[in-house]
Amino acid sequence: IMHNKYFVFADTIGGNQVAWTGSANITKVGLTGNEENILVTNDPGLVEEYKEAFLNTKQRIRDAKKNKEPMRPYCAYAGNKLLVEFGKKLRSFKCF
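Residues numbered from 1 in each chain as written. Predicted model: local features only at pLDDT ≥ 70, side-chain atom pairs only at ≥ 80, totals over all residues. Heavy atoms only, no water.

This part is about the overall build of the protein chain. A count of helices and strands for the protein chain gives two helices and six strands. Along the chain direction, N to C, the helices and strands of the protein chain fall in the order β-β-α-β-α-β-β-β. Looking at the protein chain residue by residue over its 96 residues, the buried ones come to 21%. Long-range contacts, defined as pairs at least 24 residues apart, comprise 26% of the intrachain contacts of the protein chain with a sequence gap of at least 6. Taken as a whole, the protein chain presents about 7,700 Å² of accessible surface, with 58% of it coming from carbon and sulfur. (Helix = DSSP H or I, 4+ residues; strand = E, 2+ residues; numbered from the N terminus. Buried < 20%, exposed > 50% of the residue type's maximum accessible area, 1.4 Å probe, protein only. Contact = heavy atoms within 4.5 Å. Areas by Shrake-Rupley, 256 points an atom, 1.4 Å probe, with all protein chains shown as cover.)

What follows is the structure, given as structure tokens:
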């Protein structure tokens, strides 16, 4: 089971936007004591996708609260593929 978090930093010291993602909890143990994965990128395309994913999730939460409905899942396993809603795009990944 994957449990990733992500952050998008719009203003960095170098002036680039940066996306940070991974399984690590933002705690002392999560960052220094556990075996975790972290990816940091300043690729404009990836940063934009993470920003879109955040805004889409934020809107889905607002809509669910407004309509008093549970949020629909955004990941589904179909045969040997994992379907993931990322931003407003549905992507398919082959599972190993």
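Moving on to the pairing of strand 2 (residues 18–22). Strand 2 sits mainly inside the fold: five of its five residues count as buried. What you see with strand 2 is no split at all: Val18, Trp20 and Gly22 on one side and Ala19 and Thr21 on the other are buried throughout. Direction of pairing for strand 1 (residues 5–9) relative to strand 2: antiparallel, over a ladder of five bridges. When the bridges of strand 2 are listed, Tyr6 appears paired with Thr21. (Pairing = 2+ DSSP bridges.)

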